[in-house]
Amino acid sequence: EAEQQVYKERIKRLLKEKNAVLVAHYYTDPVIQALAEETNGCVADSLEMARFGRDAKEQTLIVAGVKFMGETAKILSPEKTVLMPTLEATCSLDLGCPIDKFSAFCDEHPDHTVVVYANTSAAVKARADWVVTSSIALEIVEHLDSQGKKILWGPDRHLGAYIEKQTGAEMLMWQGACIVHDEFKARALASLKQQYPDAAILVHPESPANVVAMADAVGSTSQLIKAAQTLPNKRLIVATDKGIFYKMQQAAPGKIFLEAPTGGNGATCKSCAHCPWMAMNGLDAIEQALTDNSGHEIFVDEATRVKAMIPLNRMLDFAA
Ligand code: 13P
Ligand code: SF4
């Protein structure tokens, strides 16, 4: 605690000195989320992080999250310095969708509109017609489907299946998954629900279809926080990374939050529903990044950046 306080004070001073602002995702350590709040930074889902970074007046963005979030910030603000606590923080969706293979898949279907999830590399975004995040994917696919477009979707197969079900669109799909959400188990969730029949179930759509099917609310991290606030239930079972509880408790004080089970035996696993890459973001690493850029700065080559900016801006314009 005392040590954390020392780090926080030093980081606050560095943020001012370097004209920098902290942009954090809901899955990061609560101490980082609190610091972002205290310093007029932002704590948000991936769409809002992109928007906040783009509009920030500071010269430096320090992005606490995973690599694709830093890259998105850089693509939208090439004139800003974009730093990350660690460049090692990746995402299984990004890892599972290498540009050469994905591009070959797209080449096989030239008549398809390529829609990619934001959880991808800059190179994959550069190959896409549209980028979407979980908070706006449904609306964008609905829009494209209504125009009669054939859609190629990647990389998250669970989010893709959910969108297909909701919109009736048929999509050619890349078979990627999030290693965190893929672990939620429907059977164990059903027994937890039996134990607490009054509880509402909140699910991020990167979860398997049989888990999504049990949800009272499905949505991006921001949308789930909103649902925690607006649903009348006092008890909520949450199927997403546990970092989100920090904001959910703030948004819905007095409610009781339960982690959705990740094991097959009904036991709630205390550590499974936490993204190992999000967990790499620490106060020490933030201080390091602000003290010395080297090894912390995000670069995207200009040709890729210019191409990736087009589908990203399409999403932001659509969301506006
Ligand atoms: P959100 O856009 O809902 O914040 O999702 C990002 C993510 O990585 C979920 O696992
Ligand atoms: Fe990627 Fe899943 Fe981690 Fe989100 S929780 S960053 S989708 S691995």
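Quick caveat: nothing in here was measured; it's all calculated off a predicted structure.

## Some details on the environment of A303
Looking at the element boundaries, A303 is found in helix 15 (residues 302-319). For A303, a count of 9 C-beta atoms within 10 Å corresponds to the exposed category. Separated by 168 residues in sequence, A303 and S135 place their C-alpha atoms 28 Å apart.

## Observations regarding the sheet that holds strand 1 (residues 20-25)
The four strands are arranged 2-1-3-4 in an open sheet whose pairing can be described as parallel. The two strands at the open ends of the sheet, each matched to only one other strand, are strand 2 (42-44) and strand 4 (81-83). Adjacent strand axes in the sheet meet at a mean angle of 20 degrees when their direction is disregarded. Relative to strand 2, strand 1 runs parallel, the two being bridged by three bridges. Following the sheet pairing, V23 is matched in strand 2 by C42.

## Focus on the pairing of strand 9 (residues 200-203)
Residues A200 and L202 point to one face of strand 9 and I201 and V203 to the other, with burial holding for every one of them. With four bridges connecting them, strand 9 and strand 11 (residues 235-239) associate as parallel partners. Residue pairing for strand 11: I201 is matched across the bridge by I237. Pairing geometry for strand 9 and strand 10 (residues 217-218), over two bridges, is parallel. Residue pairing across strands places V203 opposite V218, the latter belonging to strand 10.

## Concerning the site of ligand 1
Surveying the vicinity of ligand 1 reveals the residues D45, S46, N119, T133, S134, S135, C178, E206, S220 and T221. Here the residues of the shell around ligand 1 sort into one nonpolar, seven polar and two charged. Residues lining the shell around ligand 1 come from more than one domain, with at least three contributed by each of domain 2 (93-173) and domain 3 (181-259).

## Describing the environment of V63
With respect to the helices and strands, V63 occurs in strand 3 (residues 60-64). For the pair V63 and L22, spaced 41 residues apart in sequence, the C-alpha separation works out to 6.1 Å.

## Things to note about the UniProt feature "binding site: [4Fe-4S] cluster" (unreviewed entry) in the protein chain
In this numbering, the UniProt entry assigns the feature "binding site: [4Fe-4S] cluster" (unreviewed entry) to C91, C178 and C275. Despite a sequence span of 185 residues, these residues sit close together in the fold, their greatest C-alpha distance being 9.1 Å. Relative to the helices and strands, C91 is located in the loop between strand 4 and helix 5 (92-95). Its location among the elements puts C178 in the loop between strand 8 (171-173) and helix 10 (186-195). Not counting the four nearest positions on each side in its chain, C178 is found in contact with S92, L93, D156 and E206.

The rules behind each value
- Residues numbered from 1 in each chain as written.
- Chains lettered and ligands numbered in written order.
- Predicted model: local features only at pLDDT ≥ 70, side-chain atom pairs only at ≥ 80, totals over all residues.
- Helix = DSSP H or I, 4+ residues; strand = E, 2+ residues; numbered from the N terminus.
- Buried ≥ 20, exposed ≤ 12 C-beta atoms within 10 Å, placed from the backbone.
- Pairing = 2+ DSSP bridges.
- Axes fitted to C-alpha atoms, helices over the stretch in contact; angles between N-to-C directions.
- Near = placed C-beta within 6 Å.
- Nonpolar A, V, L, I, M, F, W, Y, C, P; charged D, E, K, R; others polar.
- Domains from an automatic or database assignment.
- UniProt positions renumbered as here; feature names shortened; annotations may be inferred.
- Contact = placed C-beta atoms within 7 Å.

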